[in-house]
Amino acid sequence: MSYEQRRELRPVQRVAHRALRRHYDLQRILTSLSTHFINLPAEEIDGGIDEALARIGEFAHVDRSYVFLIDEANGRMSNTHEWAHAATTPEIANLQNVPLSDFPWCLERIQRGEIVHVPRVSELPDDAPDKARFLAENIQSLLAVPMIVRDRVIGFFGFDSVRAERRWTKDTISLLRIAASIFANVIERQRNEIVLHDEQRFIKNILDTTASLILVLTPGGQCVRANPAFVELTGLTAEELVGDGWKRVVPEDSRSAAREALRRASSGELARFEVPILARSGELRAVLWTGRVVRNGADVPEYVVVTGVDLTEVKVLREQVDQAQRMDSLGRVAATIAHEVNNVLMAILPSAQVIKRFPDRREEVLRAAERIQDAVKRGERITLEVTRFARPTEPMFQEIRAFDWTTKLVEESREMVETRAGVEIDVQMACDPCDAVVRADPTQLHQVLSNLILNAFDALPNGGRVTIAVEEVVSHERLVVVDPMPSTWVHWKVSDTGAGISPAVLERIFEPLFTTKKRGTGLGLAVAHQIIRAHGGVLSVETAVGAGTTFHLFLRAV
C-alpha cells in the first residue's frame, strides 16, 4: 500500500478507533454499574440509578437520561429517575402519573418490546399525539429502550437530545439494551426486597404485639424463635429458648404429647393439642396450642409455627360459672331431693306397716319387701345422680380407639334391649371402621353414651330403631363456635326413630332437674353435658317432631 493510500486511511482509522474506544468505554461503564448494583442495599438503589443515569448521559453527550415505570393496572406511567444536563430543564416533576394514552405511538412499540429510536422528532407523523408533547419539551431526538422482567415490560430507559439532533449507532443501542436490562433487574430486586421487608416488618409486628404465645420450630423440634408474649410468660430470654431451651418450661410428663403433636404438624396436619407451660411465677398455665407446617419453595417442611392461647383464666372462669350454676340449682336440687326422698319413704313406710301388721302372711310380706327394695334402689340412684352433678369427678384420661370401643358399647346395648319385655327395638351400628383415637375417661364416656342410648330406648315405647355411629371428621357445622379453624374430631351419633322433641322441651333439655319422665330426676343429660365439657368436647341435639332425634357428641382426636 502506498504512502498516499495510507494517509487517506488514517482519518477513517481514527474514526473507527474512536468508535471502538467509545464502545469499549461504554462496556466498561456497564460492567462497573452491574458490579456496583449487585451488592447495593435496596434503600440505596434509587441513588445508584441516579448516578448511573448521570454517567451514561454524560458519556453519551445527551441532554436528559431517565427511567419511566409503567403501571399497567392504572394505565399510567411515572418518570422515577432523571439526569439532566446543566443547560437543560429537568422534566421529572411534570411527568408523574402520566396517562399511557398521552404517548400512544411510543408506548405501543415499547410494550411490544421494541426499541424506539427517533433521530428527528419533527419527522414523526402529525397524527401521533406524542409529537406535540415532545416538541413542547424541545426534544429533537430521543431513544427509548424497554425494561423487561420475565417477558413483562415494566418501563423504559431513555435519552433526550434537546440542543441538537442525534442518531445512535446499532452498537450503542445494543449496549443500552444491556443497561435497560440492568436497570430492570435492579428495580425488580428493589421491589421484591421492599415487599419482603414490609412482610417481615408486618410479621414482626404481629409477633411482637400479639397476646398469643408463638414458637417457630424446626420439624426436628429445635426452637428458632419465640415471640415476646412467650418470653414474658416464661421469664426466659429469647436466646435461652432457642434450640431445646423451650423444653425447660414444658412439664416432663407432657413432652411426649408435645413431640407427637409436632410430628403430626410436620406431616402437614393441623395439630390441636393442650400442653401446660411453666410460668415465671412457678404455676402451670393451661395452654391450647395449634401447630401448622411452613414449607419452602421445594414443598419441603421448613418450620412448624406453634401458636398457643392461655386458657388458665378461661378455665377458672368456667369453673366459677359452673359452680355458680350449681349453687343456683342447689335450691331446686334440695326441693327435688326432698320430693324424691319423700316418694321413696312413702313407698317404704306402707310396705313396712304391712310387714308389721301381717308378719305371717308370706305373700303380702314378699310384695312389701320387693316394694321396699325398689324404693331403696331408686333412692340410691337419685343420690348418685345428685352427687355426680354437685361434685363432678376429674376425668382420668386414657387413649381410646373409638370404633372398637363403640362396637363393644353397641353389643351391650343389644343385651339391654333384651331385658325390655314386649318392646322390639333394633339396635344398629351404621358406620365404617376408622382408626380414630381420643383421650377420654372411659368410665365417664360410657356413662354419657349409655345415658343417650337409654334415652333413645325410652323414646320408643312402641318399638323402633336406634342407630349408633362413630366417625372421624375434620370440621362440622356444630363445631364452628368452639373450633373456627378446622381440626380433627371424633363424632358419635345416637339416633332414634321416635316422636322427636318439641321446641319447648328442646330449649330446656340440658337444664338440671328438668325432665318429662315420670320416674326421671332430670340430671342424666345435665351430668352428660357436664362431663363432655370437662373433656373439651361438644354435646348437642338435633330433632324434629315426628321424625326422631339425634344426639351429636364430639371429642378432639389425638
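Computed from a predicted model, the values in this text were never measured in an experiment. Within each chain, residue numbers correspond to sequence positions counted from 1 in written order. Residues qualify for local features only when their pLDDT is at least 70, as the model is predicted, and side-chain atom pairs are given and counted only at 80 or more; totals for whole chains, interfaces and linings, by contrast, use all residues. Values reported for side chains reflect all heavy atoms of the structure, with hydrogen atoms and water molecules removed beforehand.

Points about the overall build of the chain
Okay, step 1: Put simply, DSSP H or I for four residues or longer makes a helix, DSSP E for two residues or longer makes a strand, and each gets a number counted from the N terminus. Check the secondary structure of the chain and you find 14 helices and 20 strands.
Okay, step 2: Burial status across the chain gives 41% buried among its 558 residues.
Okay, step 3: Here the analysis covers contacts within the chain between residues at least 6 apart in sequence; of these, 61% occur between residues at least 24 apart.
Okay, step 4: Here, Shrake-Rupley sampling with a 1.4 Å probe gives the accessible areas, and only protein chains in the shown set may cover a residue. When the accessible surface of the chain is split by element, carbon and sulfur atoms take 53% of a total near 31,200 Å². Each residue is assigned to one of three classes by its accessible area relative to the maximum for its type, calculated with a 1.4 Å probe on protein chains only: buried under 20%, partly exposed between the two thresholds, exposed over 50%. Residues are treated as being in contact if the distance between any of their heavy atoms lies within 4.5 Å.

Focus on a nonpolar patch on the surface
Okay, step 1: Here the term patch refers to residues with relative accessible area over 30% and no salt bridge, with like charges joined within 9 Å and nonpolar side chains (Val, Leu, Ile, Met, Phe, Trp, Tyr) within 5 Å. Just to be clear on terms, a salt bridge is a Lys or Arg side-chain nitrogen sitting within 4 Å of an Asp or Glu carboxyl oxygen. On the surface, Phe202, Ile203 and Ile206 cluster together to form a nonpolar patch covering roughly 300 Å² of accessible area.
Okay, step 2: A relative accessible area of 54% means that Phe202 is categorised as exposed.

Thoughts on the pattern of salt bridges
Okay, step 1: Tallied over the full model, the rule gives 23 salt bridges.
Okay, step 2: Of the charged contacts, one joins Arg264 and Glu269 as a salt bridge, the two residues approaching to 3.1 Å between their closest N and O atoms.
Okay, step 3: Residue classification places Glu269 among the partly exposed residues on the basis of a relative accessible area of 29%.
Okay, step 4: Between Asp435 and Arg401 there is a salt bridge, with the nearest N and O atoms lying 3.4 Å from each other. Taken together, the residues span a long stretch of sequence, with Asp435 in the loop between strand 15 (425-429) and strand 16 (437-440) and Arg401 in strand 14 (residues 398-401) at a distance of 34 residues.
Okay, step 5: When its relative accessible area of 61% is taken as the criterion, Asp435 is described as exposed.
Okay, step 6: The structure contains a network of salt bridges with shared partners spanning Arg150, Arg152, Glu188 and Arg191.

What to know about the confidence of the model for the chain
Okay, step 1: Scored from 0 to 100, pLDDT records how confident the predictor is in each individual residue. Of the residues in the chain, 83% reach a pLDDT of 70 or more, and the chain-wide mean stands at 82.
Okay, step 2: Within the chain, the lowest mean pLDDT, 62, falls on helix 1 (residues 3-38), and the highest, 95, falls on strand 2 (residues 76-84).

Some points on the sheet that holds strand 7 (residues 213-217)
Pairing between the strands of a sheet is mediated by backbone hydrogen bonds and can be parallel or antiparallel.
Okay, step 1: Should DSSP find at least two bridges between two strands, the strands are regarded as paired. Read from one edge of the open sheet, five strands run 8-7-13-12-9, paired in antiparallel fashion. The open sheet has two edge strands, strand 8 (223-226) and strand 9 (271-274), and neither has a second partner. On average, adjacent strands in this sheet sit at an angle of 20° to one another, irrespective of strand direction.
Okay, step 2: Every angle, taken between N-to-C directions, lies between 0 and 180 degrees, and every axis is a line fitted to C-alpha atoms, over only the stretch in contact when it is a helix. Strands in contact with helix 8 (residues 255-266) are strand 7, strand 9, strand 12 (287-295) and strand 13 (301-310); relative to strand 9, the strand with the most contacts, it is inclined by about 170°.

Focus: the packing of helix 2 (residues 45-60) against helix 5 (residues 170-209)
Okay, step 1: Direction vectors running N to C along helix 2 and helix 5 enclose 170°, while the axes themselves pass 11 Å from each other. One finds that helix 2 runs roughly antiparallel with respect to helix 5. Between helix 2, through Ile45, Asp46, Ile49, Ala52, Leu53 and Ile56, and helix 5, the contact on the second element is made entirely by Leu176, Ala179, Phe183, Val186, Ile187, Arg189 and Gln190.
Okay, step 2: Put simply, Ala, Val, Leu, Ile, Met, Phe, Trp, Tyr, Cys and Pro go in the nonpolar bin, Asp, Glu, Lys and Arg in the charged bin, and everything else, Gly too, in the polar bin. Taken together, the residues of the contact of helix 2 with helix 5 break down into 10 nonpolar, one polar and two charged. The scheme is simple: roughly parallel for angles under 35 degrees, roughly antiparallel for over 145, roughly perpendicular for 65 to 115, oblique for anything else.

Topic: the side chain of His535
Okay, step 1: Checked against the element boundaries, His535 lands in the loop between helix 14 (524-534) and strand 19 (538-543).
Okay, step 2: The class for His535 is buried, based on a relative accessible area of 12%.
Okay, step 3: A polar contact of 2.9 Å, which involves the side chain of His535, links it to the backbone oxygen of Ile531.
Okay, step 4: Beyond its immediate chain neighbours, meaning those up to four positions away, His535 contacts Pro395, Phe397, Arg439, Ala440, Asp441, Gln444 and Leu555. What qualifies as a polar contact is a pair of N or O atoms within 3.5 Å, subject to a donor-acceptor requirement within protein and to the restriction that residues adjacent in sequence count only when both atoms come from side chains.

Focus: the environment of Ser254
Okay, step 1: Looking at the secondary structure, you find Ser254 in the loop between helix 7 (238-241) and helix 8.
Okay, step 2: Measuring from C-alpha to C-alpha, the distance between Ser254 and Glu274 comes to 9.1 Å, with 20 residues separating the pair along the chain.
Okay, step 3: Each residue touching Ser254, except ones within four places of it in the same chain, is listed here: Val275 and Pro276.

Examining the pairing of strand 20 (residues 549-556)
Okay, step 1: The buried count for strand 20 comes to seven of eight residues, which makes it a mostly enclosed element.
Okay, step 2: Note that strand 19 and strand 20 share six bridges and pair antiparallel. Note on strand 20: the bridge partner recorded for Val538 is Phe554.
Okay, step 3: Between strand 19 and strand 20, which pair antiparallel in sequence order, lie five residues; one of them, Gly546, sits at a positive phi of approximately 85°.

What about the sheet that holds strand 1 (residues 64-71)?
Okay, step 1: If you trace the six strands from one edge of the open sheet to the other, you get 3-2-1-6-5-4, paired in antiparallel fashion. Because the sheet does not close on itself, it has two edges, and the strands there are strand 3 (98-99) and strand 4 (116-118).
Okay, step 2: As paired strands, strand 1 and strand 6 (residues 152-161) are joined by six bridges and run antiparallel to one another. The residue of strand 6 that forms the bridge with Arg64 is Asp160.
Okay, step 3: With respect to the sheet, helix 2 is in contact with strand 1, strand 2 and strand 6, its orientation differing from that of strand 2 by roughly 60°.

A word on the side chain of Glu82
Okay, step 1: If you trace the backbone, Glu82 turns up in strand 2.
Okay, step 2: Summary of buried charges: Glu82 has no salt-bridge partner, and the nearest side chain of opposite charge, Arg64, is 4.2 Å away.
Okay, step 3: A distance of 3.0 Å separates a polar atom in the side chain of Glu82 from the backbone nitrogen of Glu91.
Okay, step 4: A polar side-chain atom of Glu82 sits 3.4 Å from the main-chain amide nitrogen of Ile92.
Okay, step 5: Once you skip the residues sitting within four places of it in the chain, Glu82 turns out to touch Asp50, Leu53, Arg64, Ser65, Tyr66, Pro90, Glu91 and Ile92. In summary, the charge assignment counts Lys and Arg as positive and Asp and Glu as negative, without counting His or the chain termini.

Considerations on the packing of aromatic side chains
Okay, step 1: When two rings of Phe, Tyr or Trp (its six-membered ring) have centres within 6.5 Å they constitute a pair, described as stacked for plane angles under 30 degrees, edge-to-face for angles over 60, and tilted for the intermediate range. Scanning all chains against the criterion turns up eight aromatic pairs.
Okay, step 2: Summarising the aromatic geometry, the rings of Tyr66 and Phe68 are spaced 5.6 Å apart at their centres and angled 90° between planes, so their arrangement reads as edge-to-face.
Okay, step 3: By relative accessible area, Tyr66 is classed as buried at 7%.
Okay, step 4: Within the aromatic cluster, the residues linked to one another by ring pairs are Phe157, Phe159, Trp168 and Phe183.
Okay, step 5: Geometrically, a charge over a ring is one whose NZ (Lys) or CZ (Arg) sits within 6 Å of the ring centre while staying within 35 degrees of the ring normal. Positioned above the aromatic ring of Trp105, the side-chain terminus of Arg109 is 4.0 Å from the ring centre.

A closer look at the nonpolar core
Okay, step 1: Here, the term nonpolar core denotes a set of buried Ala, Val, Leu, Ile, Met, Phe, Trp, Tyr and Cys residues that are joined through side-chain atoms within 4.5 Å. With 41 residues, the main nonpolar core has Leu445, Leu449, Trp492 and Leu553 as its most contacted residues.
Okay, step 2: At seven residues, the largest contribution of residues to this core is made by helix 12 (residues 442-458).
Okay, step 3: Every residue in contact with Leu553, bar those within four places of it in the chain, is listed here: Leu445, Val448, Leu449, Val490, His491, Trp492, Ile532, Val538 and Leu539.
Okay, step 4: Residues Leu33, Ile154, Ala180 and Ile182 belong to the second largest nonpolar core, which totals 35 residues.

What about the state of the cysteines?
Okay, step 1: When the sulfur atoms of two cysteines come within 2.5 Å, that pair is taken as a disulfide. This structure, assessed with the given rule, holds zero disulfides.
Okay, step 2: Looking at Cys431, it has no disulfide partner, and the nearest cysteine sulfur is the one in Cys434, 6.8 Å off.
Okay, step 3: The exposure class of Cys431 is partly exposed, given its relative accessible area of 23%.

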